[in-house]
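# Breakdown of the fold
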Amino acid sequence: MKSYRGYGVWLLLCVLLSVAGKAASAAELQVTTPTGEVSVYQTDELLSHAAAREITVVDDAAYGRDMTYRAVPVASLIGDAGAVDDETGLEVIALDGFVANIPLPLVLLEGDETAQAWIAIEPEDARWPNLPGKEVSAGPFSLVWVDAAVSHIRSEQWPYQVAKIGYAAFPAARWPQLALGDDAAEDAKRGQAVFIDQCFACHRMNGAGITELGPDLNLPMNPVDYFKPDALVMLIRDPASVRHWPDMQMHGFTTDQLSDAEIRDVIAYLQAMAGRKAE
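Residues numbered from 1 in each chain as written. Predicted model: local features only at pLDDT ≥ 70, side-chain atom pairs only at ≥ 80, totals over all residues. Heavy atoms only, no water.

Per an unreviewed UniProt entry, the recorded name for the protein chain is Cytochrome c domain-containing protein, and the organism is Thalassospira permensis NBRC 106175.

Structure representation (structure tokens):
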């Protein structure tokens, strides 16, 4: 009689390796609370979280259309936000190095007249579609907003492929080299705020920042050193209209994301910082 013992052992090893492979590749979200406690959530844990529910996001910033997700409120994951000072916000880091800085009031305000921040969870057995023009989805975790329009949530405050969430001082307080001179013009001051919201997620400035996604915009040279203002407007609005480069990742900003006036303010900030290069 033929023995099936060897086949049984082989089958068991295949099952164990398969399980181990799935465990090793399970998506994880790291969340650090104000006390420094680090929690690591896996997909299944978040899908079954007590606060999880199905939400519909109108005009999702990553996909450009309405999306339905199972999601958990950000506020339910980040611990006692009341324990931090007024100059601290959330720092959300994506797998590709994108870093979103989100003011806590945006996350904590409740009611029909405010946006609500959620962590959308991509099920392992029901992957989300690929992002437009990309070969990956927004998963495994994406920070999305319900009723974003009522709170004027910025386009760069929708980080996808989120890996870590924690607390950090606001960039302007954390990195003095972002500061303008005392005699800075009002448009440059406005531009600094827009820069931190919309540009700092991908670009450093004067060595400040932790992102690795894009180049520093003051060291060794500032874009105003080699671009005329009108060309910079075109670059920010539609990078491909100015130049192409390998592995180009920079996207353009629509007028809904950045108005013409806001782009001019950002350029005023860059012009001011060009004379304040860190040594």
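Next, the rest of the story.
What the protein chain contains, in helices and strands, is seven helices and nine strands. For the protein chain, buried positions account for 42% of its 279 residues. Across the protein chain, the fraction of contacts at a sequence separation of at least 24, relative to all contacts at a separation of at least 6, is 62%. Accessible surface computed for the protein chain: about 15,100 Å², of which carbon and sulfur atoms make up 54%. (Helix = DSSP H or I, 4+ residues; strand = E, 2+ residues; numbered from the N terminus. Buried < 20%, exposed > 50% of the residue type's maximum accessible area, 1.4 Å probe, protein only. Contact = heavy atoms within 4.5 Å. Areas by Shrake-Rupley, 256 points an atom, 1.4 Å probe, with all protein chains shown as cover.)

This next bit is on the pairing of strand S7 (residues 116–121). Among the six residues in S7, five count as buried, and that is most of the element. Note that S7 and strand S8 (residues 141–146) share six bridges and pair antiparallel. Bridging across to S8, Ala 120 finds its partner in Ser 142. (Pairing = 2+ DSSP bridges.)

Looking now at helix H7 (residues 260–274). Between its first and last C-alpha, H7 extends 21 Å over 15 residues, near the 21 Å set by a 1.5 Å rise per residue. Packed against the buried residues of H7 are helix H5 (186–198) and helix H6 (229–237). (Expected span 1.5 Å × (residues − 1).)

Model confidence for the protein chain is summarised by a mean pLDDT of 88, while 89% of its residues fall at 70 or above. Scored below 50 in pLDDT, residues 19–24 makes zero contacts in the model with residues more than four places away or belonging to other chains. (pLDDT = per-residue confidence, 0-100.)

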